[in-house]
Amino acid sequence: MPSVGDTANSARDEYGIYIDNNAYDWNGDGVGGDAIVALTGVTASYNYYTNIYIDNESSEGLAQVTLGNVTADYSRSDYGIYVDNTAYDNDGDGVGGDALVSLTGVTATYNYSTNIYIDNASYEGLAQVTLATVDASRSMWDYGIYIDNDAYDNDGDGFAGDALVTLTGVTADGSYSTNIYISNGSYEGLARVDLANVAASGSRDYYGIDIQNYAYDMNADGVGGDAIVTLTGVTANGNYSTNVYIYNASYEGLAKVSLDTVIASGSRDYYGVYIDNNAYDNDVDGVSGDAVVLLYNVTANDNYSTNIYIDNTSAEANATTILNSITANAALYGDGIYISNYANDNNADTVGGDALVAMSYVSASYNEYDGVYLSEGSAAGTASLLVEGS
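Because the structure is a prediction, the values reported are computed rather than measured. (Residues numbered from 1 in each chain as written. Predicted model: local features only at pLDDT ≥ 70, side-chain atom pairs only at ≥ 80, totals over all residues. Heavy atoms only, no water.)

A. Highlighting the overall build of the chain. Of the regular secondary structure elements, the chain holds 0 helices and 24 strands. In terms of overall size, the chain behaves like a compact globule, its C-alpha atoms giving a radius of gyration of 22 Å where 390 residues would be expected to give roughly 21 Å. Oriented by its inertia axes, the alpha-carbon framework of the chain measures out at about 60 × 45 × 25 Å. The buried share of the chain, taken over its 390 residues, is 55%. Counted over contacts in the chain with a minimum sequence separation of 6, partners at least 24 positions apart contribute 79%. A total accessible area of about 14,300 Å² is found for the chain, and carbon and sulfur atoms account for 46% of it. Here the chain contributes 7 positive and 54 negative side-chain charges, whose respective centroids are spaced 20 Å apart. (Helix = DSSP H or I, 4+ residues; strand = E, 2+ residues; numbered from the N terminus. Rg over C-alpha atoms; globule rule 2.2 N^0.38 Å. Buried < 20%, exposed > 50% of the residue type's maximum accessible area, 1.4 Å probe, protein only. Contact = heavy atoms within 4.5 Å. Areas by Shrake-Rupley, 256 points an atom, 1.4 Å probe, with all protein chains shown as cover. Lys, Arg positive; Asp, Glu negative; His and termini not counted. Charge placed at Lys NZ, Arg CZ, Asp CG, Glu CD.)

B. Summary view of the packing of aromatic side chains. Taken as a whole and assessed by the stated rule, the structure comprises 34 aromatic pairs. When the centroid spacing of 5.0 Å and the interplanar angle of 5° are considered together, the rings of Tyr245 and Tyr274 count as stacked. Here Tyr274 lies in strand 17 (residues 273-279) and Tyr245 lies in strand 15 (residues 244-250), a separation of 29 residues in the sequence. Tyr274 shares its class with Tyr245; the two are buried. (Phe/Tyr/Trp six-rings, centres within 6.5 Å; stacked < 30°, edge-to-face > 60°.)

C. Looking closely at the environment of Gly61. When you line up the elements, Gly61 lands in the loop between strand 3 (52-58) and strand 4 (63-68). Residues Gly61 and Asn120, 59 residues apart in the sequence, show an inter-C-alpha distance of 14 Å. When sequence neighbours within four positions are dropped, the list of residues in contact with Gly61 reads Gly32, Gly33, Asp34, Ala87, Gly97 and Asp98.

D. How the structure looks around the sheet that holds strand 4. Pairing in this open sheet of 12 strands is parallel, and the strands run 2-4-6-8-10-12-14-16-18-20-22-24 from one edge to the other. At either margin of the open sheet sits one strand with a lone partner, and together these are strand 2 (35-40) and strand 24 (383-388). For this sheet, the mean inter-axis angle between neighbouring strands, taken without regard to orientation, is 5°. (Pairing = 2+ DSSP bridges. Axes fitted to C-alpha atoms, helices over the stretch in contact; angles between N-to-C directions.)

E. Examining the pairing of strand 16 (residues 255-263) more closely. Pairing analysis gives 8 bridges linking strand 14 (residues 227-235) to strand 16, with the strands arranged parallel. Among the inter-strand pairings, Val229 is bridged to a residue of strand 16, identified as Val257. With 8 bridges joining them, strand 16 and strand 18 (residues 291-299) adopt parallel strand pairing. Its bridge partner being in strand 18, Val257 is matched across the sheet by Val293.

F. Representation of the side chain of Asp217 in the model. Looking at where Asp217 falls in the secondary structure, it is placed in the loop between strand 13 (209-215) and strand 14. An unpaired buried charge is present at Asp217: no salt bridge exists, and Arg192, the closest side chain of opposite charge, is 20 Å distant. If sequence neighbours within four positions are ignored, Asp217 has contacts with Tyr187, Glu188, Gly222, Val223, Tyr251, Glu252 and Asn282. (Salt bridge = Lys/Arg side-chain N within 4 Å of Asp/Glu carboxyl O.)

G. A look at the pattern of salt bridges. All chains considered together, the criterion is met by 1 salt bridge. Linking Asp194 and Arg192 is a salt bridge whose minimum nitrogen-to-oxygen distance equals 2.8 Å.

H. A look at the sheet that holds strand 13. In spatial order, the strands read 1-3-5-7-9-11-13-15-17-19-21-23; together these 12 strands make up an open sheet with parallel pairing. The open sheet terminates on both sides in strands that have one partner only, identified here as strand 1 (17-23) and strand 23 (372-378). The sheet shows a mean angle of 0° between the axes of neighbouring strands, taken without regard to direction. In this sheet, strand 11 (residues 180-186) lies alongside strand 9 (residues 145-151) in parallel orientation, the contact comprising 7 bridges. Bridging from a neighbouring strand, Tyr146 pairs with Tyr181 of strand 11.

See the structure below:
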């Protein structure tokens, strides 16, 4: 297995590096070993197929893939880096290992297909993907970064691990399809996506950043985890479709989206920032989490459609949308800011939360339609609007 300081370049009709690593539980007794792959200081570029392909599986233990200081550029017909990492619960007893993928100091650019593709799953433990100091720009015909991360409840007992995705210091500009796509789900635990100091501009045919984050209540017992998305120091300008798209849902817990110091201007065919945030009452017992959207120091100007679109709903608790220090000017064919904020009474028992929208120091001028469009309501509480310095 390649590990430290290896080079695998320019294969004429094959992969650069191909790793198939498995730790099986052959007798099905629920006891198995760990599956671990580590690459450090490896270069694999200009190969015909995928530059680095890793299929790593543990039937009952830890499944871990770690890449450090790796270069995988210019695959001529396939992926830059492809990672399929799975920690199974082989005997279905509700006990399985964690699934961990970590990329640090990785460059994967100008590949024919997706630059970095990660499919990570744990069937009863933690599912975690971490990228730090990564450049995955300019995929010729597909995604810059594609991440599918899931923490499953394999035996349906209402317990599963958390699903966590963290990107720090990541650049993924100028790919043909979406620059950064993240699908993250926990089937009974916390689902969290954190992006800090990330650039995803100039997608030629789709989104800049597309995040789908879910915290499910799979056995419908009324207990589920929180769904949280945070973006800090993110730039996503000039993408063909929506610059920043976020769908966030918790089926029994808190649903929260926070943007701090984000720039999302000049989408050529759709929204600047689009947020759909939902706190559901999955078992219809009249209990759900709050739905919270917080935007601070966000700039979204000159987008083709609405600059900032927010749909925020709680089924049974509070719905809160707060905007501070926002610039949303000159939408070509939409509103400056569109807000739908509702606290519903899902089971019609006349008990529900409050709806609050607060805006301070907001600029929304020279838009084709409304500067700020607001639709707000509470089915069983109060609905309030606070405006300051706008």
